[in-house]
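Listed here are the chains, written in short residue letters.
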Amino acid sequence: MKIEKKDVLKALETISVPGEGQNMVESGAIKNVLVFGDEVVVDVTINNHSLQAKKKTEVSILQAIHKEVYEKAQIKVNLKVEAAATPDKKPEIKGKPIPGIDNIIAVASGKGGVGKSTVTANLAVTLSKMGFKVGLLDADIYGPSATIMFDIINEKPLSVNVDGKSKMKPVESYGVKILSIGFFTQPDQAVVWRGPMAAKALNQMIFDAAWGNLDFLIVDLPPGTGDIHLSIMQSLPLTGAVVVSTPQTVALADARKGVAMFQQESINVPVLGIVENMAYFSPPELPENRYHIFGKDGARNLSEDLNIPFLGELPLIQSIREAGDIGRPAAMQEGTDIENAFIEITKKVVQETVRRNDALPPTKAIEITTMAGCSAVNKK
Ligand SMILES: Nc1ncnc2c1ncn2[C@@H]1O[C@H](COP(=O)(O)OP(=O)(O)OP(=O)(O)O)[C@@H](O)[C@H]1O
């Protein structure tokens, strides 16, 4: 059979480029196509270095040509990897810097209920156990949960005098200083906030609070990607964002939107990486068995597609849920696999924060002052 170059190109147009809306021909990834009888040679260049992306590209090309053009075609794919052109604009810190707070990290998810608050709480206590000074700002106006997760539901922040001004003193639990929008609303009260209102309340919790010196302030954002997020984020000097997703397709689609939100020009907050929550379930009586209830590796693949660091995975474990409900984050369970999983994720977050700060003025850079902090960064 005589293979036509134009048919090959048409077949290649059915393949989309990971992380982009375009197909391989449109995006310029296909550099050349040569046809010699039954033999087709495709020169292709991609930006993603991962083995998986290379394999996926090659397999997609073979499949498309075999399916759309000629099933017995002999195909040779010459694949080259080139670093993506770095955008001219460096991520910048928005809003005015907060004296004494070195890094503000937002934890976000596109979809609700994927474990964003659970990851936030455990990230905060793990950072604190590593020796960092940590604050947690629960900005989830739709369902603040920090007061439950840290067993401080009956507490209220007190007013203290700092340099002649009254300030709100965060409530401390497990070494983490906490302020939550939940302190100011009744648990059964439905709160309807507009973006500017929420941003104002949060601004007060940040600027009119006696946080003291913090290495990290972790912000639990509401789920979703609406106006309210824009208001919150444009008023906060965020260092970076962590996106949490389950491997499920619907959650991933929303996580992708979440990443896009941070990356859009008006926000431009670097995404430090993606955490895959509820990655699998292992029954205690069969610990070797892994059941991928919500799908396999979805968030890991998404991070590869978007060229964003993968920060790690957390299994679905009953005691993570129980720990959240009784108000003692699961990462406090010393010597367990759960504690270790949170340590690994937290180390990655610290590493990515340091890496990101290298690209910014030194005043914004994180100061690692503790030995625990150093080992968190240096250990792989
Ligand atoms: N890895 C896990 N294993 C078991 N249960 C989990 C895990 N992660 C989260 N959960 C549970 O799932 C529920 C939802 O988690 P969480 O409240 O953290 O989600 P969220 O994304 O913050 O939700 P929201 O939409 O309210 O912001 C909670 O009951 C929590 O304890």
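Not measured: the values here are computed from a predicted model. Counting restarts for each chain: residues are numbered from 1 in the order of the written sequence. For a predicted model such as this one, the threshold for reporting local features is a pLDDT of at least 70, and the threshold for listing and counting side-chain atom pairs is 80 or more; totals across whole chains, interfaces and linings nevertheless cover every residue. Note that water and hydrogens are dropped before the side-chain values are worked out from all heavy atoms of the structure.

### Looking at the overall build of the protein
Part 1 of the reasoning: Starting at the N terminus, helices and strands are each numbered in turn, a helix being any DSSP run of H or I of at least four residues and a strand any DSSP run of E of at least two. Each helix and strand in the protein was counted, giving 11 helices and 13 strands.
Part 2 of the reasoning: Across the 380 residues that make up the protein, the buried fraction comes to 48%.
Part 3 of the reasoning: Residue pairs in contact within the protein that sit at least 24 positions apart in sequence constitute 74% of those at least 6 positions apart. With a 1.4 Å probe rolled over the protein chains alone, any residue whose accessible area is under 20% of its type maximum counts as buried; one over 50% counts as exposed, and the rest are partly exposed. Residues are treated as being in contact if the distance between any of their heavy atoms lies within 4.5 Å.

### A look at the side chain of threonine 147
Part 1 of the reasoning: When you line up the elements, threonine 147 lands in helix α4 (residues 146-149).
Part 2 of the reasoning: Each residue touching threonine 147, except ones within four places of it in the same chain, is listed here: Ile152, Ile153, Ser180 and Phe183.

### Quick notes on the UniProt feature "binding site: ATP" (unreviewed entry) in the protein
Part 1 of the reasoning: UniProt positions are given in the numbering used here, feature names are shortened, and annotations may be inferred rather than shown by experiment. Within the UniProt annotation, "binding site: ATP" (unreviewed entry) is assigned to Gly110, Lys111, Gly112, Gly113, Val114, Gly115, Lys116 and Ser117.
Part 2 of the reasoning: Within the element layout of this structure, glycine 110 appears in the loop between β4 (101-108) and α3 (116-129).
Part 3 of the reasoning: Glycine 110 sits in the buried class, given a relative accessible area of 12%.
Part 4 of the reasoning: Excluding residues that lie within four positions of it along the chain, glycine 110 makes contacts with Pro223, Gly224, Asp254 and Ala255.
Part 5 of the reasoning: With respect to the element layout, glycine 115 can be found in the loop between β4 and α3.
Part 6 of the reasoning: Apart from the residues lying within four places of it in its own chain, the contact partners of glycine 115 are Val244, Asn277 and Met278.

### Focus: the sheet that holds strand β2 (residues 39-46)
Part 1 of the reasoning: In spatial order, the strands read β1-β2-β3; together these three strands make up an open sheet with mixed pairing. Bordering the open sheet on either side are β1 (30-36) and β3 (74-81), each of which pairs with just one other strand. Strand-to-strand twist of the sheet, defined as the mean angle between neighbouring strand axes without regard to direction, takes the value 10°.
Part 2 of the reasoning: In this sheet, β3 lies alongside β2 in parallel orientation, the contact comprising eight bridges. In this analysis, strands are considered paired if DSSP registers two or more bridges between them. Between N-to-C directions, angles span 0 to 180 degrees; the directions come from axes that are lines fitted to C-alpha atoms, helices contributing only their stretch in contact.

### Some thoughts on the packing of aromatic side chains
Part 1 of the reasoning: Pairing of aromatic rings covers Phe, Tyr and Trp, the last counted by its six-membered ring, and requires centre-to-centre distances within 6.5 Å; plane angles under 30 degrees mean stacked, over 60 mean edge-to-face, and any other angle means tilted. Tallied over the full model, the rule gives three aromatic pairs.
Part 2 of the reasoning: Ring geometry for phenylalanine 150 versus tyrosine 174: centroids 6.2 Å apart, planes at 40°, classification tilted. In this pair, phenylalanine 150 is assigned in the loop between α4 and β6 (158-162) and tyrosine 174 in the loop between β8 (171-173) and β9 (176-180), connecting sequence segments 24 residues apart.
Part 3 of the reasoning: Ring plane angle 80° and centroid distance 6.3 Å describe the contact between phenylalanine 183 and phenylalanine 184, whose orientation is recorded as edge-to-face.
Part 4 of the reasoning: The class of phenylalanine 183 is buried, set by a relative accessible area of 4%.
Part 5 of the reasoning: Judged by relative accessible area, which is 46%, phenylalanine 184 ranks as partly exposed.

### Here we look at unusual backbone geometry
Part 1 of the reasoning: Of note in this structure, methionine 278 is not a glycine but carries a positive phi near 55°.
Part 2 of the reasoning: In this fold, methionine 278 is placed in the loop between β12 (271-277) and α8 (298-306).
Part 3 of the reasoning: Although it is not a glycine, aspartate 297 adopts a positive phi angle of roughly 60°.
Part 4 of the reasoning: Looking at the element boundaries, aspartate 297 is found in the loop between β12 and α8.

### Description of the pairing of strand β11 (residues 240-245)
Within a regular strand, the side chains alternate between the two sheet faces.
Part 1 of the reasoning: Within β11, six of the six residues are buried, which leaves it mostly tucked inside the rest of the structure.
Part 2 of the reasoning: Residue alternation in β11 divides its side chains into two sets, Gly240, Val242 and Val244 and Ala241, Val243 and Ser245, and both sets are buried.
Part 3 of the reasoning: One ladder, built from four bridges, connects β4 with β11; its direction is parallel. Each residue of the ladder has a partner; that of valine 107, found in β11, is valine 242.
Part 4 of the reasoning: With the strands pointing away from the viewer, any crossover whose connection runs clockwise from the first strand over the helix to the second is right-handed. The β-α-β motif built from β11, the intervening helix α7 (residues 249-263) and the parallel element β12 has right-handed crossover chirality.

### Topic: the pattern of salt bridges
A side chain of one charge can pair with a side chain of the opposite charge when the charged atoms of the two come close.
Part 1 of the reasoning: Here, a salt bridge means any side-chain nitrogen of Lys or Arg that lies within 4 Å of a carboxyl oxygen of Asp or Glu. The tally for this structure, following the rule as stated, stands at 17 salt bridges.
Part 2 of the reasoning: Linking glutamate 313 and arginine 290 is a salt bridge whose minimum nitrogen-to-oxygen distance equals 3.9 Å. On the criterion of sequence distance, the pair formed by glutamate 313 in strand β13 (residues 310-314) and arginine 290 in the loop between β12 and α8 is long-range, its members being 23 residues apart.
Part 3 of the reasoning: Judged by relative accessible area, glutamate 313 falls into the partly exposed class, the value being 22%.

### A few points about the site of the ligand
Part 1 of the reasoning: Residues are counted as near a molecule or strand when any one of their heavy atoms sits within 4 Å of it. The full set close to the ligand counts 17 residues, and Gly113, Ser117, Thr118, Asp140 and Asn277 are the nearest of them.
Part 2 of the reasoning: In protein, a polar contact requires one atom able to donate a hydrogen and another able to accept it; more generally it is a pair of N or O atoms within 3.5 Å, and residues adjacent in sequence count only if both atoms are side-chain atoms. Valine 114 places a main-chain nitrogen or oxygen 3.1 Å from an oxygen atom of the ligand.
Part 3 of the reasoning: Between proline 315 and the ligand, the recorded distance is 2.9 Å, taken from a backbone N or O atom to a nitrogen atom.
Part 4 of the reasoning: The accessible surface values rely on the Shrake-Rupley method and a 1.4 Å probe; as for residues, cover is taken only from the protein chains in view. Surface burial for the ligand is 81%, taken as the share of its 630 Å² of free accessible area covered by protein chains.
Part 5 of the reasoning: Breaking the shell around the ligand down by element, the ones donating at least two residues are α3 and α9 (318-326).

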